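What the coordinates show
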Amino acid sequence: MKQITFLMMIFATFPAAAAEPEAPLSDPAKYQHCLTLVGRDPVAALAYANDWIFGGVGDVPAGHCKALALLESGKPVAAAELLEKLIDDLMVNGDPTVRQNNDNLRVQLSIQAALAWKAAGATAPTYYDKAYVAYSDALSGIKTDNPLLNNKVLLWELYVERGTLQILRGESRAAIGDFTQAIVQDDQQYEAYLQRAKAYRKTRNFLKARLDLKVADKLGGEIPEARGEILLESGILFREQGRKLEARQAWQAIIDTYPTQDVAEMARTNIALLPVE
């Protein structure tokens, strides 16, 4: 939702279109109404966006709302393709303010295209490559003269998202680079350390993986969801090192402390897969 909110902020800076006689809402108001429908009823949002588009107005905001409705309706490929078309349709304008708004929109639309391609990759892993390209386009679109370059929260999220994607693509060394860049943006969030620990484990650099887990636990150990994830990864790392007793203890700690969390079921599965000695 952070990306959606930012897009609304950007669109709000565009000049409002003249109201149509049969539709008194301005384009920004239509956009916000359409986004509200996405959360409540994606099918209704899709119909609303299509009517808006067929009316010959709306352009990027109408298309963006349609893409979100498609994504919420379980059609990530169609959503990603539409988002990429919107990026292509954004025209370069000579006015510096409009051009910067378009540059910002390209970044945000690229992020959402990446999220859609990543969702599609769950059933067809080749889509992960498209997600990687979209994330990279977003990062390369944040130029030195762009205010987004100072948005450390956005940059942190981008690097963490691309890093987790790299793990899915089997590119663990590249993932380590992305998580390191995320930590440069904000070294007080546990997620980047936890994810980098996973990447280090996959490259069999167990010492660095354990060090990152210790930092993650220091930063996020008081958060129940974080603690469960950290313990799960800690157990996996112990198992990879052949330390099966410690792995079992880490996973059992999850079951005992957070029995209703989803991660507890993953811990039970991992314990069941341990060889009986």
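Figured I'd write up the structure that's included with this text.

Thresholds, definitions, all that
Every chain is numbered independently, its residues counted from 1 as its sequence is written. Totals for whole chains, interfaces and linings use all residues, but because this is a predicted model, local features are given only for residues with pLDDT of at least 70 and pairs of side-chain atoms are given and counted only at 80 or more. Excluding hydrogens and water, the side-chain figures rest on all heavy atoms present in the structure. Strands here mean DSSP runs of E at least two residues long; helices mean DSSP runs of H or I at least four residues long; both are numbered from the N terminus. Note on exposure labels: buried denotes an accessible area under 20% of the residue type's maximum, exposed denotes more than 50%, and partly exposed covers the range between, all computed with a 1.4 Å probe on protein chains only. Under this rule, positive means Lys or Arg and negative means Asp or Glu; His and the chain ends count for nothing. What makes a salt bridge here is a side-chain nitrogen of Lys or Arg within 4 Å of a carboxyl oxygen of Asp or Glu, nothing more. The contact criterion used throughout is that any non-hydrogen atoms of two residues lie within 4.5 Å. Simply put, an axis is a line fit to the C-alpha atoms, just over the touching stretch for a helix, and the angle between two N-to-C directions goes from 0 to 180 degrees. In these notes the angle categories are as follows: under 35 degrees is roughly parallel, over 145 is roughly antiparallel, 65 to 115 is roughly perpendicular, and the rest is oblique. Less than a right angle of anticlockwise turn of the near helix away from the far helix marks a crossing as left-handed, whereas a clockwise turn marks it as right-handed. Think of it as three bins: nonpolar holds Ala, Val, Leu, Ile, Met, Phe, Trp, Tyr, Cys and Pro, charged holds Asp, Glu, Lys and Arg, and polar takes everything else, Gly as well.

Topologically, Arg-210 is positioned in helix α11 (residues 206-220). Although Arg-210 lies buried, it forms no salt bridge, and the closest oppositely charged side chain, Glu-246, sits 7.3 Å away as judged by the N-O distance. If sequence neighbours within four positions are ignored, Arg-210 has contacts with Ser-234, Leu-237, Phe-238 and Gln-241.

Moving on to the pattern of salt bridges. Overall, the coordinates contain 10 salt bridges when judged by the stated rule. Across the pair Lys-118 and Glu-161 runs a salt bridge whose closest N-O atoms are separated by 3.2 Å. Within this pair, whereas Lys-118 is found in helix α6 (residues 96-120), its partner Glu-161 is found in helix α8 (residues 152-168), the two being separated by 43 residues in sequence. Its relative accessible area of 29% is what places Glu-161 among the partly exposed residues. The salt bridge involving Glu-240 is made with Arg-204; its shortest N-O contact spans 3.5 Å. Note that Glu-240 is positioned in helix α12 (residues 224-240) and Arg-204 in the loop between α10 (190-202) and α11, a separation of 36 residues in sequence.

Here the focus is the packing of α12 against helix α13 (residues 244-257). Packing of α12 against α13 leaves a shortest axis separation of 7 Å and a crossing angle of 165°. Between α12 and α13, the angle falls in the class roughly antiparallel. Between α12 and α13 the crossing geometry is left-handed. Note on element contacts: α13 touches α12 through Glu-246, Ala-247, Ala-250, Trp-251, Ala-253 and Ile-254, opposite Gly-228, Leu-231, Leu-232, Gly-235, Ile-236, Phe-238 and Arg-239. For the contact of α12 with α13, the per-class residue count stands at 9 nonpolar, 2 polar and 2 charged.

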